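Chain and residue survey
Here's the letter readout for the chains.
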Amino acid sequence: MLIEIPQVLDATEVARVRGIIDAAAWVDGNATSGSQSALAKDNAQLPEDGVAAAEAGRIVLDALGRSALFIAAALPLKVFPPLFNRYAGGQAFGTHVDTAVRVRRGTDFRIRADLSATIFLEDPNAYDGGDLIVEGAFGEQSVKLPAGHMILYPASSLHRVAPVTRGTRLASFFWVQSMVRDDGARRILFDLDRGVQAVASLQGQGDPATVQLTGVYHNLLRRWADV
Ligand code: NI
């Protein structure tokens, strides 16, 4: 399932992130790739262990922690420190699937990538191409969002970034290990959560049906969550 999370970063945060990354030194994106995706990948990236990625990444992580929609959709257990990439001059990333287990270089931090995330960091009118195209059960979905908006998609999906034929595409990308590994189970919980919120807003938090449905949510999460 693809889930759009609007305005994870507000305009001020986008500007702060851009201030950091626009001034930083970029390297070939293949510095972080596995050998299969290196064949498909043509972009630039901030060094994973650099100061700029760490500073800008902190802004992203703080924003994620405040996003109720992100937490409900991803049920995050661990988030990989955000990375940043840049495409221009026809650069693209051909069809690939993301690595299942991500290790943070030089540390013992590792996660199983259940969800892949992209936060767009440039005005979509400022560049042509650069759509994120994700293949799923209902065919291909093409995603190009305003700066500060995020797309979450299953890390198991085949996906690609279309060539950027004008301007520059900037984004933050990272992976999430979810408490609920199975995409379908996570989807049910997300739908139930939204349904319960809607009922609660009509009936009030203390309404017996709301209490019962909230119990069902937590009992399913108890059944399915690994923490
Ligand atoms: Ni990818």
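What comes next concerns the included structure. Remember, predicted model here, so these are calculated numbers, not experimental data. (Residues numbered from 1 in each chain as written. Predicted model: local features only at pLDDT ≥ 70, side-chain atom pairs only at ≥ 80, totals over all residues. Heavy atoms only, no water.)

**A closer look at unusual backbone geometry**
Which entries qualify depends on this criterion: Elements are defined by DSSP. Helices are runs of H or I of four residues or more, strands are runs of E of two residues or more, and each kind is numbered from the N terminus.
Its identity as a non-glycine residue notwithstanding, Gln-7 has a phi of 50°, on the positive side. You can see Gln-7 is positioned in the loop between β1 (3-5) and α1 (11-22). Positive phi, normally seen in glycine, also occurs at Leu-75, with a value near 45°. Position of Leu-75 among the secondary structure elements: in the loop between α4 (68-74) and β5 (76-79).

**Let's talk about the pattern of salt bridges**
Defined as follows: One speaks of a salt bridge when a side-chain nitrogen belonging to Lys or Arg is within 4 Å of a carboxyl oxygen belonging to Asp or Glu. Only protein chains enter the calculation, and the probe is 1.4 Å; a residue is then buried if its accessible area is under 20% of its type maximum, exposed if over 50%, and partly exposed in between.
Counted under the stated rule, the structure contains 12 salt bridges. With a shortest N-O distance of 3.0 Å, Arg-18 and Asp-22 are connected by a salt bridge. Linking Arg-18 with Asp-22, this pair stays in helix α1, spanning four residues, or about one helical turn. Judged by its relative accessible area of 18%, Arg-18 falls in the buried class. Residues participating in the shared-partner salt-bridge network are Arg-18, Asp-22 and Glu-122.

**Structural notes on the coordination of the nickel ion**
For a metal bound by four donors in a tetrahedral arrangement, the ideal donor-metal-donor angle is 109.5 degrees, while six donors in an octahedral arrangement ideally sit at 90 or 180 degrees. Using the following cut-off: Coordination here is defined by N, O and S atoms within 2.8 Å of the metal (3.2 Å for Na, K and Ca), and since water is not considered, a site can look incomplete.
In this structure, His-96 (NE2), Asp-98 (OD) and His-159 (NE2) serve as the protein donors to the nickel ion, at separations of 2.1 Å. The sequence motif formed by the donor residues of the nickel ion is H-x1-D-x60-H. Within this pair, whereas His-96 is found in strand β7 (residues 92-96), its partner His-159 is found in strand β15 (residues 159-161), the two being separated by 63 residues in sequence. Here His-96 and His-159 have matching classes, each one buried.

**With respect to the nonpolar core**
Note the cut-off: Within this scheme, the nonpolar core is defined by two criteria: the residues are buried Ala, Val, Leu, Ile, Met, Phe, Trp, Tyr or Cys, and they are joined through side-chain atoms within 4.5 Å. Note on contacts: a residue pair is in contact if any heavy atoms of the two residues lie within 4.5 Å.
Among the nonpolar cores identified, the biggest contains 35 residues, and Leu-9, Ile-21, Phe-84, Met-150 and Leu-152 are the most heavily contacted of them. Residue assignment for this core shows that the elements contributing at least two residues are β1, α1, α3 (51-66), α4, β10 (115-120), β14 (150-154) and β17 (168-178). Of all the elements, α3 adds the most residues to this core, at seven residues. When near neighbours in sequence (up to four residues on either side) are disregarded, Ile-21 contacts Trp-26, Leu-46, Ala-56, Phe-84, Leu-121 and Leu-170. Core analysis: the second largest hydrophobic core is formed by 12 residues, Phe-120, Tyr-127, Leu-132 and Val-161 among them.

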